[in-house]
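Single-letter residue listing:
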Amino acid sequence: MAFTLALIGSLLWMGIFFALFYMRQTPESKVRKRILTMMETAEKERERAGSAKNTKKVKVHDPKEKKSFYFRIIKPKVESTIDFFHSFTPSAIVTMLENRIFRAGKQNIWSVQRVAAFWAISVAFFTGVGFFVAQRTNYFVTQQFLIMVAGGVFGAFFPFILLNQKIAARQKLLKRQLPEFLDLLCVSVQAGLSFDASVAKITVRMKGELSEEFKHMQEDVRFGMTKQYALAQMAKRCDVEEIYLFTTSVIQAEKLGTSMAQTLATQAENMRERRRQYIRAEALKAPVKMIFPMVMFIFPSIFIVLLMPSIMTMMKSFGAMQ
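The rules we used
- Residues numbered from 1 in each chain as written.
- Predicted model: local features only at pLDDT ≥ 70, side-chain atom pairs only at ≥ 80, totals over all residues.
- Heavy atoms only, no water.
- Core = buried A, V, L, I, M, F, W, Y, C linked by side-chain atoms within 4.5 Å.
- Buried < 20%, exposed > 50% of the residue type's maximum accessible area, 1.4 Å probe, protein only.
- Helix = DSSP H or I, 4+ residues; strand = E, 2+ residues; numbered from the N terminus.
- Contact = heavy atoms within 4.5 Å.
- Phe/Tyr/Trp six-rings, centres within 6.5 Å; stacked < 30°, edge-to-face > 60°.
- Salt bridge = Lys/Arg side-chain N within 4 Å of Asp/Glu carboxyl O.

Enquirer: Now, about the nonpolar core: what can you tell me, with residues and values included?
Expert: Within the largest apolar cluster, 29 residues are counted, with the highest numbers of intra-cluster contacts made by Leu185, Phe195, Phe214, Met217, Ile243, Phe246 and Leu264. Contributing elements (two or more residues each) for this core: α7 (141-190), α8 (195-205), α9 (209-222), α10 (227-238), α11 (241-256) and α12 (260-321). In terms of residues, this core owes the most to one element, α7, which gives 7 residues. Among residues more than four places away in sequence, those in contact with leucine 264 are Leu185, Cys186, Val189, Phe195, Phe246 and Val250. Formed by 11 residues, the second largest nonpolar core is a distinct cluster that contains Ile101, Ala116, Phe160 and Leu163.

Here it is as structure tokens:
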């Protein structure tokens, strides 16, 4: 009886869950999906045209490749599954995923459809895990239902946890690379190069996330975007306070006509000072972070080395007295 009630409750909850998601899907998400599909198609056609120009050869498609098991069975099934789960994803989740992918710097690698499908699969998977765990316990039906709901909630937050970790790691790397990049940029501008030429020289020799962001900014400028808007978009992608300050100062220097070399020198010194303050703050946190490993691993070893001889002597003395 309990198994039947739990099964009915889980199916009912899953039905309500997906029904609410499907009802909240707005026409804007459908339009956005169609635009993204058109952009991906245009990008693939552009890549094919570029590869054809570079190789100057006409690629002959192998008929066996078209009839392979992957193209006939696996790829259509995967794409249909992704589209199915993406149709149940609400527009608010899609917009949030777009923002997180944008901040993670994976807008050209990760698609919203795939991440949204992963989110829906995560919800379904962890809900099933919660249902399986609940059936292995001797709890009441309501408790089993709460375990299943907890699994679904964890599955809903799990993809966002992974994205937040990726964003945090990327922001930490950007903060670490920014002072060095600004020092090189300041020296190059003071040597007589323009801002754009200095950025181009540094990005060729320097590798990392920050260099890739500046390359992306230069590509946006070459495609017709203004430098101010490209810098603002770069700061939005990075979502780091130091980069916001840097881009704001550069935009103001260009608008007001002030010395770019002086502006960059001030920003480089400011970023160096902020980096030193960050390192000092992390150093002050080190004693607090060392308490747990000391209590768990170091103190027991010290107590064993210091107290064990005394304990053994006391045990021998009590044994002799008896």
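Moving on from the model shown.
Enquirer: Mind laying out the side chain of serine 122, listing which residues take part and the relevant values?
Expert: Position of serine 122 among the secondary structure elements: in helix α6 (residues 112-135). Overall, serine 122 belongs to the buried group, its relative accessible area being 4%. Leave out the neighbours within four places in its chain, and serine 122 touches Gly155, Phe158 and Pro159.

Enquirer: Now, about the packing of aromatic side chains: what can you tell me, with residues and values included?
Expert: Going through the model one piece at a time under the given rule, you end up with 7 aromatic pairs. Between phenylalanine 181 and phenylalanine 214 the ring centres are 4.3 Å apart and the planes differ by 15°, which places this aromatic pair in the stacked class. Residue phenylalanine 181 is found in helix α7, and its partner phenylalanine 214 is found in helix α9; the two are separated by 33 residues along the sequence. Here phenylalanine 181 and phenylalanine 214 have matching classes, each one buried. Here the aromatic residues Phe125, Phe126, Phe154 and Phe158 are joined through ring pairs into a cluster of three or more.

Enquirer: So what about the pattern of salt bridges? Which residues, and what values?
Expert: This structure, assessed with the given rule, holds 14 salt bridges. The closest approach of N and O atoms between lysine 215 and glutamate 212, which form a salt bridge, is 3.9 Å. Of the two residues, lysine 215 and glutamate 212 both sit in helix α9, 3 residues apart, roughly one turn of that helix. Where arginine 237 meets aspartate 220, a salt bridge forms, and the shortest distance between an N and an O atom there is 3.9 Å.

Everything listed is a geometric property; what it means functionally is a separate question.
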